[in-house]
Amino acid sequence: MSRPVTVGLDGSRESLAAVEWAAREAGTRGVPLRLLHVGDLGPDVHTPVVSPGTRRHWTERIPRETAERVRKDHPDLEVEPRWLPGDPAEVLCEAAEAAELLVVGSRGLGALAGFITGSVSLPLVARSGRPVVLVRAGGADGPVGGVSAAADDTRTGPGPADGRVVLGVDIDHPCDELLEFAFAHADRHRTALHVVHDWHLPMLYGPEPVAPAVALQEELAAAKNEALAQSVRGWSHRYPDVEVTHDCRLGRPVPHLLKAGRGAGLVVVGRRRRRARFGAHLGSVTHAVLHHCEAPVAVVPHD
């Protein structure tokens, strides 16, 4: 039995954009699509006149009706609507373990405000043992059938994506999981891969290096470029059909990644697995990309 692509669904236009992205991804991978809606049927003091049976009917209706619309747009795709009770972050995190990929929606407030990763998506990304893709409304090339037709008039994304995959890497701590995910996605979608790495000068050189330090900076830049090329060379041999470009530069990684990701089909970043006792811990670069990137973002956990 193939692992499905699972998408968290709550009826919002962000989650419907995630459904469309996930439906195309499941079709490309040749696996089923699972629509998972998580609801809480506990006592609701605000609407005591609504019976638990009525609440459950409306809760189960969301994935069922969405599945009907997805089947119309993707008739060859196996679609499984599912409803589960419980805490959304916990249930989705558990569901991710049985999935190829978990996809969720993320609210955007425009190019300046960027992503708002809320009470579900942020801890989910920080805790999931499987890759999680966050999709912004307007970043998935349109709505699912007629589910959110009105939302298409208020798209905040950057316009049609060119399909290219952008990967942010740390060559000082190479990560096979991250590289494999990005190369496999680019190969599966027959698109190009652009690998990005940014580095800083050691404090020894100072903020305004003199002539000898400039020469050392040039040598360091050449070494970093070669290290980046070396880190992807083996994967290029494994995926010879993927056109790979890379950009290694002195500077801050977040602005570079955000600029490179404009119009991309997917931006891929990593998250180191941490066994922290409290809170949701993400790297600073990944956290910033989640909040500000306009394209769908895949967060790949790694050791």
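Values in this document were obtained by computation on a predicted structure and should not be read as measured data.

1. Let's talk about the side chain of H37
Moving on, step 1. In this structure, H37 sits in strand β2 (residues 33-39).
Moving on, step 2. Using a relative accessible area of 7% as the deciding quantity, one classes H37 as buried.
Moving on, step 3. A polar contact is formed between the side chain of H37 and the backbone oxygen of L9, at a distance of 2.6 Å.

2. Structural notes on the nonpolar core
Moving on, step 1. Counting 47 residues, the largest nonpolar core has L33, V103, L167, L193 and V268 as the members making the most contacts within it.
Moving on, step 2. Per-element accounting of this core gives the leading share, eight residues, to helix α1 (residues 13-29).
Moving on, step 3. Apart from residues lying up to four places away in sequence, L167 is in contact with L178, L179, A182, L193, H194, V195, V196, L257 and V268.
Moving on, step 4. L102, V125, C293 and V299 belong to the second largest nonpolar core, which has 28 residues in total.

3. With respect to the environment of E226
Moving on, step 1. Here E226 lies in helix α6 (residues 211-238).
Moving on, step 2. With a relative accessible area of 43%, E226 lands in the partly exposed category.
Moving on, step 3. For the pair formed by E226 and C248, sequence separation is 22 residues and the distance between their alpha carbons is 9.3 Å.

4. Considerations on unusual backbone geometry
Moving on, step 1. Notably, R190 is not glycine yet its phi reads approximately 55 degrees, a positive angle.
Moving on, step 2. Exposure remark for R190: the relative accessible area of 81% places this residue in the exposed category.

5. Points about the confidence of the model for the protein
Moving on, step 1. Considering every residue of the protein, the mean pLDDT works out to 80; 75% of them sit at 70 or more.
Moving on, step 2. Scored below 50 in pLDDT, residues 108-117 makes 33 contacts in the model with residues more than four places away or belonging to other chains.
Moving on, step 3. Note on residues 140-160: pLDDT under 50 across the span, and 38 contacts to partners over four residues away in sequence or across chains.

Here is what the cut-offs are and how they apply
Residues numbered from 1 in each chain as written. Predicted model: local features only at pLDDT ≥ 70, side-chain atom pairs only at ≥ 80, totals over all residues. Heavy atoms only, no water. Helix = DSSP H or I, 4+ residues; strand = E, 2+ residues; numbered from the N terminus. Buried < 20%, exposed > 50% of the residue type's maximum accessible area, 1.4 Å probe, protein only. Polar contact = N/O pair within 3.5 Å; in protein donor to acceptor, adjacent residues only side chain to side chain. Core = buried A, V, L, I, M, F, W, Y, C linked by side-chain atoms within 4.5 Å. Contact = heavy atoms within 4.5 Å. pLDDT = per-residue confidence, 0-100.

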